[in-house]
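The lines below spell out each chain.
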Amino acid sequence: MARKANFALIGTGGVGRALLESILASREHHASTYGVWFNACLLADSTGAIALPSISDAKLRLALDAKRSGRALRSLAEQTDGVRAREPSESASDFLATLVGELEPESIIVDCTATEDTIVALRRAVGAGQRIVCANKKPFSSSQAIYDALIGSPRALHAVRHESTVGAGLPVIAALSRLLGANDPVSKIAGTFSGTLGFVMTGLQAGRAFSEIVLEAKALGYTEPDPRDDLGGVDVARKALILARGMGWRLELSDVAVTPLYPPDFAALSVDEFLARLPELNASFAAQASECARKGEALRYAALIEGGKLVVGPQSVPLSSPLGSLSGTDNLVEFYTQWYASSPLVVRGAGAGAGTTAAGVLADMVELAFAATPDFRPRIRPDVHADLE
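The name recorded for the chain in an unreviewed UniProt entry is Homoserine dehydrogenase, from Diacronema lutheri. What UniProt records for the chain under Cofactor (unreviewed entry) is the sentence "a metal cation". Under the UniProt heading Catalytic activity (unreviewed entry), the note attached to the chain is "L-homoserine + NADP(+) = L-aspartate 4-semialdehyde + NADPH + H(+)".

(A) Representation of the overall build of the chain within the structure. Of the regular secondary structure elements, the chain holds 17 helices and 13 strands. What you see for the chain is a C-alpha radius of gyration of 22 Å, in line with the 21 Å of a compact globule of 389 residues. For the chain, the C-alpha atoms occupy an extent of roughly 65 × 55 × 40 Å along the three principal directions. Counting all 389 residues of the chain, 50% fall into the buried class. Considering only intrachain contacts with a sequence separation of at least 6, the fraction spanning at least 24 residues in the chain is 65%. Roughly 17200 Å² of accessible area belongs to the chain as shown, and the carbon and sulfur atoms make up 54% of that amount. The centroid of the 37 positive side-chain charges in the chain is displaced by 2 Å from the centroid of its 43 negative side-chain charges.

(B) Molecular detail of the side chain of Arg-27. The topology assignment puts Arg-27 in helix 2 (residues 27-34). Taking the relative accessible area as the measure of exposure, Arg-27 reaches 11% and is therefore buried. Ignoring any residue separated from it by four or fewer positions in sequence, one finds Arg-27 in contact with Trp-37, Phe-38, Asp-57 and Leu-60.

(C) Geometry of the pairing of strand 11 (residues 309-318). Relative to strand 11, strand 9 (residues 257-258) runs parallel, the two sharing two bridges. For Val-258, the partnering residue across the bridge sits in strand 11 and is Val-312. Looking at chain direction, strand 10 (residues 297-306) and strand 11 are connected through 10 bridges and run antiparallel. Looking at the pairing, Arg-300 lines up with Gln-315 of strand 11. Remark: two residues form the turn of the hairpin made by strand 10 and strand 11, two consecutive strands paired antiparallel; Gly-307 in that turn has positive phi of roughly 60 degrees.

(D) Here's a closer look at the sheet that holds strand 8 (residues 186-192). Taken together, the six strands give an open sheet; going across it, the order is 9-11-10-8-12-13, and neighbouring strands pair in mixed fashion. The open sheet has two edge strands, strand 9 and strand 13 (345-350), and neither has a second partner. Strands in contact with helix 9 (residues 195-205) are strand 10 and strand 12 (330-337); relative to strand 10, the strand with the most contacts, it is inclined by about 145 degrees. In this fold helix 14 (residues 282-294) packs onto strand 10 and strand 11, with an angle of close to 90 degrees to the strand it touches most, strand 10.

(E) Here's a closer look at the UniProt feature "binding site: L-homoserine" (unreviewed entry) in the chain. Here, UniProt's "binding site: L-homoserine" (unreviewed entry) annotation points to Glu-224. Inspection of the secondary structure puts Glu-224 in the loop between helix 10 (210-219) and helix 11 (228-231). Ignoring any residue separated from it by four or fewer positions in sequence, one finds Glu-224 in contact with Asp-229 and Asp-230.

(F) Region of the structure containing helix 14. Taking 1.5 Å as the rise per residue, helix 14 with 13 residues should run 18 Å; its terminal C-alpha atoms sit 18 Å apart, in good agreement. Residues Asn-282, Phe-285, Ala-289 and Cys-292 constitute the buried set of helix 14. One side of helix 14 holds all its buried residues, which, seen down the axis, span an arc of 100 degrees. Opposite the buried face of helix 14, by more than 90 degrees, sit the exposed residues Ala-283 and Arg-294. In this structure, the buried residues of helix 14 make contact with helix 9, helix 10, strand 10 and strand 11. The positive-phi residue at the C-terminal boundary of helix 14 is Gly-296, with phi of around 75 degrees.

(G) Representation of the packing of helix 4 (residues 92-101) against helix 5 (residues 119-127) in the model. Taken N-terminus to C-terminus, the directions of helix 4 and helix 5 make an angle of 20 degrees; their axes are 7 Å apart at the nearest point. On the basis of their axis angle, the class for helix 4 and helix 5 is roughly parallel. For helix 4 against helix 5, the interelement crossing comes out right-handed. Contact residues: helix 4 offers Ser-93, Leu-96, Ala-97, Thr-98, Val-100 and Gly-101, while helix 5 offers Val-120, Ala-121, Arg-124 and Ala-125.

(H) Local environment of helix 1 (residues 14-25). For helix 1, built from 12 residues, the straight-helix expectation of 16 Å at 1.5 Å per residue is met to within 8% by its first-to-last C-alpha distance of 16 Å. Among the residues of helix 1, those classed as buried are Val-15, Gly-16, Ala-18, Leu-19, Leu-20, Ile-23 and Leu-24.

(I) Spotlight on the side chain of Thr-196. Mapped onto the secondary structure, Thr-196 falls in helix 9. You can call Thr-196 buried: its relative accessible area is 8%. Within the structure, Thr-196 has its side chain in polar contact with the backbone oxygen of Tyr-222 (distance 2.6 Å). Other than its neighbours up to four places away in sequence, Thr-196 contacts Tyr-222, Thr-223 and Asp-230.

Scoring rules and cut-offs
- Residues numbered from 1 in each chain as written.
- Predicted model: local features only at pLDDT ≥ 70, side-chain atom pairs only at ≥ 80, totals over all residues.
- Heavy atoms only, no water.
- UniProt positions renumbered as here; feature names shortened; annotations may be inferred.
- Helix = DSSP H or I, 4+ residues; strand = E, 2+ residues; numbered from the N terminus.
- Rg over C-alpha atoms; globule rule 2.2 N^0.38 Å.
- Buried < 20%, exposed > 50% of the residue type's maximum accessible area, 1.4 Å probe, protein only.
- Contact = heavy atoms within 4.5 Å.
- Areas by Shrake-Rupley, 256 points an atom, 1.4 Å probe, with all protein chains shown as cover.
- Lys, Arg positive; Asp, Glu negative; His and termini not counted.
- Charge placed at Lys NZ, Arg CZ, Asp CG, Glu CD.
- Pairing = 2+ DSSP bridges.
- Axes fitted to C-alpha atoms, helices over the stretch in contact; angles between N-to-C directions.
- Expected span 1.5 Å × (residues − 1).
- Arc of directions from axis to C-beta.
- Parallel < 35°, antiparallel > 145°, perpendicular 65-115°, else oblique.
- Left-handed = near helix turned anticlockwise from the far one by under 90°.
- Polar contact = N/O pair within 3.5 Å; in protein donor to acceptor, adjacent residues only side chain to side chain.

Here is the structure:
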């Protein structure tokens, strides 16, 4: 019989919905292979929540249908029980913290939002003996004090997972943790953490105009509605900071040196004005790409973590390097250590998308379900297990 693992999902946008769909599609796999049944006890968005001891799969599908059609969870009050609406006078932060405070110990709190409003709830969860899985970068790239509160205790090793905050479903943090666990000192991490900026850089390498590439990326849905949210580099800086803190560095986001892909005076423009003035940047980027090609190198928007410093921005890298060989929207991270000095450990693959991010979140949930049952072993090869008994 499968063991019940309670989970609370905060955030029912693209990633949250993909996660629920994956959980529903994996019921048999989780039960037969891992002996786990993920029991939803809370679904929350910014307007309200469904809070029940056990939210049936039928109700989960009802919530999915509502969110796909653009409706808030609070709109389901007439269709199902357990719906709670956030009061107009109540902040989202307080609302979520109250909901989390009512959950049982050992519940898995899953944060698939992109807001700082979950921080109070996550800190309360840690104090209440609950567990955390995060795809949300902001709690872990907020102040050092908040990072310490979430992940600074010995219990965090078995209670907190945040793999999908860097590289979506790629095992970047897992790779770093294994290196640290093996006492293989990390001297440098270099990586590209944005599929959007990877698309822009490889377009420049192919000789295309910067403005043309950005407009295409926006049309394809690779960028945020305001492309400056991607071109500014802050998202990359947050991911780099999370990795640096994972190495034990004590730094704030303000310590990261970030070079945006647009000049300061473009920041105050409207989106339409910004897009209209993009051609003014074409000559500069064409010259940079041409100079890189002359040296047998490529221009990449990368993060460099080395010597106590975090630098994020356009960098010229050898074409023969892993970063130089990168193309399209893939993410790539190089780890340089004692044993990976001349040939780095490389993690590469799709680093964005709701499906890949949700896959990373679900894998973290399975790991935490194991942590609560240390003597459990997966039934991947029942024939072999039988021979050993």
